[in-house]
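Given next are the chains, with one letter for each unit.
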Amino acid sequence: MPRLAASGGSGTSGGDGPTPSTQSLAVAAATGTGVVVTLGTGDKGIPDRVLAAYQKAAQRTARERPGCQLAWPLLAGIGKVESGHAAGRSISADGTITPSIIGLPLDGNDGRALILDTDGGNWDGDTFFDRAVGPMQFIPSTWQGSGRDGNDDGQRNPNNIDDAALATAGYLCAYNRNLTDPTQLWAAVFAYNPSDDYVRAVLAWTTGYSDSGVIALPTSATAGTPAPGGGPTPVPTITVTSQPQAAGTPMPTPSTACPVITVGTATLTATPTNLDDGVPGYEALDIAGVLTATTTTPVTAPVTAAVNATLSDSHGWTITSVRTVVTADAPGAVTPRQLARFDGTAIGEAGADGALTVTLTPELDAAGCAAAPPTTFDVGGLNAADFAGWATTPARLHARLADYAQLGQVEPATADALGALIPASVTGPGALTPFLDRLGSATPAQVHDEARTRLTSIAQRLNSQQTQGTPPPAPTAAPAPTATTTPAGTPAPTATPVPAPSPTPTPAPASTTPAPPAPAPTPASAATAAGAASAAPAPSPTPTPAPAQTQTQTTPASPATSPPA
């Protein structure tokens, strides 16, 4: 939440007069009473490209729906609570935000709604459950009906701030709402995310931007430092967990001939890297950290070690591996070195959901030296759809099928039958349905789990494509050196029907919180006063379908994930 002070205060807790509560500020904002919300200087900043999108969406809505009376600070309030105005992301000139802002899975856990996958992982990279997407956190099923083209490029992209802001404006103005009416204002925000705390947070920020104004920040200052090759430096959340040493295995003893190589777990970082601007998506995932060599005497010459690195998905199936020779430093070093560079094409093609697991095993090229124990850690906050290899082709599906047949994970006759169902090109949605049906009906003896989940993920992406001219694949494909896998995908179900909308709530008196509209059919948890909302948008009073459920907000390292609908 911003620092809030009564009128005449400084915007900090030391302002003149008592600081009003969030509750009283929200009630005042919703009922139109005259409490002023003053933001401190640090709270006013909005990236100029994002601010322009909010203002442009409000201006277009004023022309298309003049009765709505939508003001851009309301869009800014929602954008602040949902993603911090796409904090830590890069924003291109056309408004596209990278890497994608992806919320937690709507899997029914921790108070989140249960919404099975509706887009084949097309937007959220998850073929099991839906996830909120983009700076305004729409879930795919809602985006399908509510998405807008805000930058007139002929596409509707929830990761584009122009498209997302205009879609949010349309969502708030649905049912012929007049947002100058306090009750309808409350109902609109509550419909976006049915949580009283969420509404209070959004309205407090909205009133703050209206009362205090904003500071337009240069987009380059908030978008992250470009990585090698011109791509953005994203901010994944990385957790490090050392692998327990096997029982009875002694730790290596350092000697002059056999230094002990240690990975500084607290120094590890993971950075998706763009190596070629002509290739969509990141081509690599770089792992860096401090590597030290300990001997019984001071190290007088450089010590080199080969670091064997493996990247695995949540099933423990290998995605890719690499061996890198690294120079180790003396104990006390603080400069990280690149320990591994994983192939981004393998990551994207694998389409792995959830945290990826990295295992680093340093070894010395010296006879009689004991190997260092492996270091294992998880990398979270990544989205497979941001990596090269996510956009796939029938030829690549053929190649992966051949890989798994050669590895013995697909029985030969089944591989032949599946290969015959892969078209030379994708001419529209559903082209891979026969392949998916045959794959799904195969027994575990015919197709092992690893091959089934990986091939399903690739085929589902192809199955949702509109058109794709792809040359026929070669009769046989050389096997890839390392098999890559993904969690099992599920065909996208149809959208969950929504009950008839509830009537507009009766206005509440100024001294109480306005009564929200009836909650959405699926329960979801309430947000905190800081805007960490977890709920499903409630249906609003008109025949138009109500939004679907939402999910909880992530940690500060990740944007809020409370999607509308």
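The rules behind the values
- Residues numbered from 1 in each chain as written.
- Predicted model: local features only at pLDDT ≥ 70, side-chain atom pairs only at ≥ 80, totals over all residues.
- Heavy atoms only, no water.
- Helix = DSSP H or I, 4+ residues; strand = E, 2+ residues; numbered from the N terminus.
- Buried < 20%, exposed > 50% of the residue type's maximum accessible area, 1.4 Å probe, protein only.
- Contact = heavy atoms within 4.5 Å.
- Areas by Shrake-Rupley, 256 points an atom, 1.4 Å probe, with all protein chains shown as cover.
- Salt bridge = Lys/Arg side-chain N within 4 Å of Asp/Glu carboxyl O.
- Arc of directions from axis to C-beta.
- Core = buried A, V, L, I, M, F, W, Y, C linked by side-chain atoms within 4.5 Å.
- Phe/Tyr/Trp six-rings, centres within 6.5 Å; stacked < 30°, edge-to-face > 60°.
- Lys NZ or Arg CZ within 6 Å of the ring centre and 35° of its normal.
- Axes fitted to C-alpha atoms, helices over the stretch in contact; angles between N-to-C directions.
- Parallel < 35°, antiparallel > 145°, perpendicular 65-115°, else oblique.
- Left-handed = near helix turned anticlockwise from the far one by under 90°.
- Nonpolar A, V, L, I, M, F, W, Y, C, P; charged D, E, K, R; others polar.
- Pairing = 2+ DSSP bridges.
- Disulfide = S-S within 2.5 Å.

Student: Can you help me understand the overall build of the protein in this one?
Tutor: When its secondary structure is counted, the protein shows 13 helices and 16 strands. When burial is assessed residue by residue, the protein has 51% of its 565 residues classed as buried. Nonlocal contacts in the protein, meaning residues at least 24 apart in sequence, comprise 69% of its contacts between residues at least 6 apart. For the protein, the accessible area works out to roughly 22,600 Å², and carbon and sulfur atoms hold 56% of it.

Student: Please clarify how the pattern of salt bridges should be interpreted in this entry.
Tutor: Side-chain pairs of opposite charge can arise whenever the charged atoms involved come near each other. Overall, the coordinates contain 14 salt bridges when judged by the stated rule. The shortest N-O distance in the salt bridge between Asp152 and Arg60 comes to 3.8 Å. Of this pair, Asp152 sits in the loop between helix H4 (140-146) and helix H5 (161-172) while Arg60 is found in helix H2 (residues 48-64), placing the two residues 92 residues apart along the sequence. A relative accessible area of 59% places Asp152 in the exposed class. One salt bridge connects Arg454 with Glu349, and the closest N-O pair in it is separated by 2.3 Å. Here the residue Arg454 occupies a position in helix H13 (residues 449-463), and Glu349 occupies one in helix H9 (residues 344-350), the gap between them amounting to 105 residues. Accessibility classification places Arg454 together with Glu349 in one group, the buried group.

Student: How do you make sense of the environment of Asn176 when you look at a structure like this?
Tutor: Take Asn176: it is sitting in the loop between H5 and helix H6 (182-192). The exposure class assigned to Asn176 is exposed, which follows from its relative accessible area of 77%. Distance in space between the C-alpha atoms of Asn176 and Gly67 is 7.4 Å, their sequence separation being 109 residues.

Student: What is the right way to read helix H12 (residues 433-441) from this model?
Tutor: Each α-helix winds once per 3.6 residues, and so residues spaced three or four apart point in a common direction. Taken together, the buried positions of H12 are occupied by Phe435, Leu436 and Leu439. Taken around the axis of H12, the buried residues stretch over an arc of 95°, which confines them to a single face. Facing away from the buried side of H12 by more than 90 degrees, the exposed set consists of Asp437 and Ser441. Looking at the buried residues of H12, the elements they touch are helix H10 (394-406), helix H11 (412-419) and H13.

Student: Explanation requested: the nonpolar core in the structure shown.
Tutor: General note: in soluble globular proteins, nonpolar side chains tend to be found buried as a group. One finds Tyr54, Leu70, Leu74, Leu172, Leu179, Val189 and Tyr192 to be the most contacted residues of the largest nonpolar core, which totals 44 residues. Put simply, the parts of the chain that give this core at least two residues each are H2, helix H3 (72-83), H5, H6 and helix H7 (196-212). With eight residues, the single largest contributor to this core is H5. Counting 33 residues, the second largest nonpolar core, distinct from the first, contains Leu311, Ile319, Phe342 and Leu356.

Student: Before we go on, may I ask you to explain the packing of aromatic side chains in this structure?
Tutor: Aromatic rings in a pair are described by how distant their centres are and how their planes are angled relative to each other. Enumeration according to the criterion identifies six aromatic pairs in this entry. Here the aromatic rings of Phe138 and Trp143 are separated by 5.3 Å at their centres, their planes lie at 65°, and the arrangement is edge-to-face. Judged on exposure class, the residue Phe138 and its partner Trp143 are both buried. The structure contains a cluster of three or more aromatic residues connected by ring pairs, namely Phe138, Trp143, Tyr171 and Tyr192. Here the guanidinium or amino end of Arg461 rests over the ring plane of Trp390, the centre of that ring lying 4.3 Å away.

Student: Help me out: how do you make sense of the packing of H3 against H7 in this one?
Tutor: For any two helices packed against each other, one specifies the inter-axial angle together with the distance between the axes. Where H3 meets H7, the axes come as close as 8 Å, and the angle between the chain directions of the two elements is 130°. By the angle class used here, H3 and H7 are oblique. Where H3 crosses over H7, the two elements pack in a sense that is right-handed. Touching Pro73, Leu74, Ala76, Gly77, Ile78, Lys80, Val81 and Glu82 of H3 are Tyr198, Ala201, Val202, Trp205, Thr206, Tyr209 and Ser210, all from H7. In terms of residue class, the contact of H3 with H7 is built from 10 nonpolar, three polar and two charged.

Student: What am I meant to see in the sheet that holds strand S10 (residues 284-289) here?
Tutor: Two modes of strand pairing occur in sheets, parallel and antiparallel, and in both the strands are linked by backbone hydrogen bonds. Ordered by their spatial adjacency, three strands build an open sheet running S9-S10-S14, and the pairing between neighbours is antiparallel. This sheet does not close on itself; its edge strands, each paired only once, are strand S9 (269-273) and strand S14 (337-343). Here the average twist between neighbouring strands, direction ignored, is 25°. In the sheet, S10 pairs with S14 via six bridges, with the strands oriented antiparallel. Bridging across to S14, Ala284 finds its partner in Asp343.

Student: Would you take a moment to explain the state of the cysteines for this structure?
Tutor: Disulfide: a covalent bond formed between the sulfur atoms of two cysteine residues. Within the structure shown, the criterion is met by one disulfide. The disulfide bridge from Cys68 ends at Cys173, spanning 1.9 Å between sulfur atoms. Residues Cys68 and Cys173 are joined through a disulfide that is left-handed, its torsion about the S-S bond being -80°. Of this pair, Cys68 sits in the loop between H2 and H3 while Cys173 sits in the loop between H5 and H6, placing them 105 residues apart in sequence. Residue Cys68 is classed as buried on the basis of its relative accessible area, which comes to 2%.

Student: Before we go on, may I ask you to explain unusual backbone geometry in this structure?
Tutor: Generally, phi is negative for residues other than glycine and the peptide bonds are trans, each holding for most cases. Although it is not a glycine, Gln137 sits at a positive phi angle of roughly 55°. The topology assignment puts Gln137 in the loop between strand S5 (131-133) and H4. The class of Gln137 is buried, set by a relative accessible area of 0%. A positive phi angle is found at Tyr175, which is not glycine, with a value near 65°. With respect to the element layout, Tyr175 can be found in the loop between H5 and H6.

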